[in-house]
Amino acid sequence: MGFMHSAGVPLRLGTDSQPFTIPGQALHTEMRLFSQAGVPAPEVWRMATSGAGRTLGPGLGEPALGTLTPGAPADLLLYDADPTSRTDPPDGLKAVVTQGRLCTRAALDAALAADCADRCRRCWGASARGGC
């Protein structure tokens, strides 16, 4: 990835939804992998936000998906420090504002744990007591 980025190849982040893929969590892993491959952290964040919005194109990615601009969707990630200096998104995340609702870190962690347990039960049945 680092070589491709250095060569100017347009790269985007994104994960497919699969039974074992947790949306958000999988993206965080992908961000770390891009960084470990040599892509600078600020560029990884651009790929995950405005770059992804540009890739979706008119209709899906407009107006200005992944940016803080007038008319853009107002989902926000709130951190305790500048997250673009690193690619470990969960560290320092304090809350998310989505569709006008504030979701605290504690609420997000609880929802993720419940989602993981539910996915395990659906995939593995009753033998998945206590999680995967």
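Residues numbered from 1 in each chain as written. Predicted model: local features only at pLDDT ≥ 70, side-chain atom pairs only at ≥ 80, totals over all residues. Heavy atoms only, no water.

**Q** Would you mind going over the overall build of the protein chain in detail, with residue names and values included?
**A** Secondary structure assignment for the protein chain yields four helices and three strands. Helices and strands appear in the protein chain in the N-to-C order α-α-α-β-β-β-α. For the protein chain, with 132 residues in total, the buried portion stands at 27%. Long-range contacts, defined here as pairs at least 24 residues apart, represent 41% of the contacts in the protein chain between residues at least 6 apart. Entry remark: accessible area of the protein chain is about 8,400 Å², with carbon and sulfur atoms responsible for 60%. (Helix = DSSP H or I, 4+ residues; strand = E, 2+ residues; numbered from the N terminus. Buried < 20%, exposed > 50% of the residue type's maximum accessible area, 1.4 Å probe, protein only. Contact = heavy atoms within 4.5 Å. Areas by Shrake-Rupley, 256 points an atom, 1.4 Å probe, with all protein chains shown as cover.)

**Q** Got a sec to walk through the pattern of salt bridges? Specific residues and values, please.
**A** Applying the stated criterion to the full structure yields two salt bridges. The partner of Arg46 in a salt bridge is Glu43, with the nearest N and O atoms 2.9 Å apart. On the criterion of helical spacing, the pair formed by Arg46 and Glu43 is a turn pair, its members being three residues apart in helix α3 (residues 41–56). Of the charged contacts, one joins Asp109 and Arg105 as a salt bridge, the two residues approaching to 3.0 Å between their closest N and O atoms. Separated by four residues within a single helix, Asp109 and Arg105 lie in helix α4 (residues 105–124), roughly one turn from each other. Accessibility expressed as a relative area gives 38% for Asp109, which makes it partly exposed. The exposure class assigned to Arg105 is partly exposed, which follows from its relative accessible area of 27%. (Salt bridge = Lys/Arg side-chain N within 4 Å of Asp/Glu carboxyl O.)

**Q** Can you tell me about the sheet that holds strand β1 (residues 76–79), naming the residues and giving the values?
**A** The sheet built from three strands is open, its strands ordered β1-β2-β3 with antiparallel pairing. Pairing within the sheet leaves two strands with one partner each, and these edge strands are β1 and β3 (101–104). Here the strands of the sheet are splayed against their neighbours by 20 degrees on average, with no regard to which way each runs. As paired strands, β1 and strand β2 (residues 93–98) are joined by four bridges and run antiparallel to one another. Within β2, the position partnered with Tyr79 by the bridge is Leu93. (Pairing = 2+ DSSP bridges. Axes fitted to C-alpha atoms, helices over the stretch in contact; angles between N-to-C directions.)

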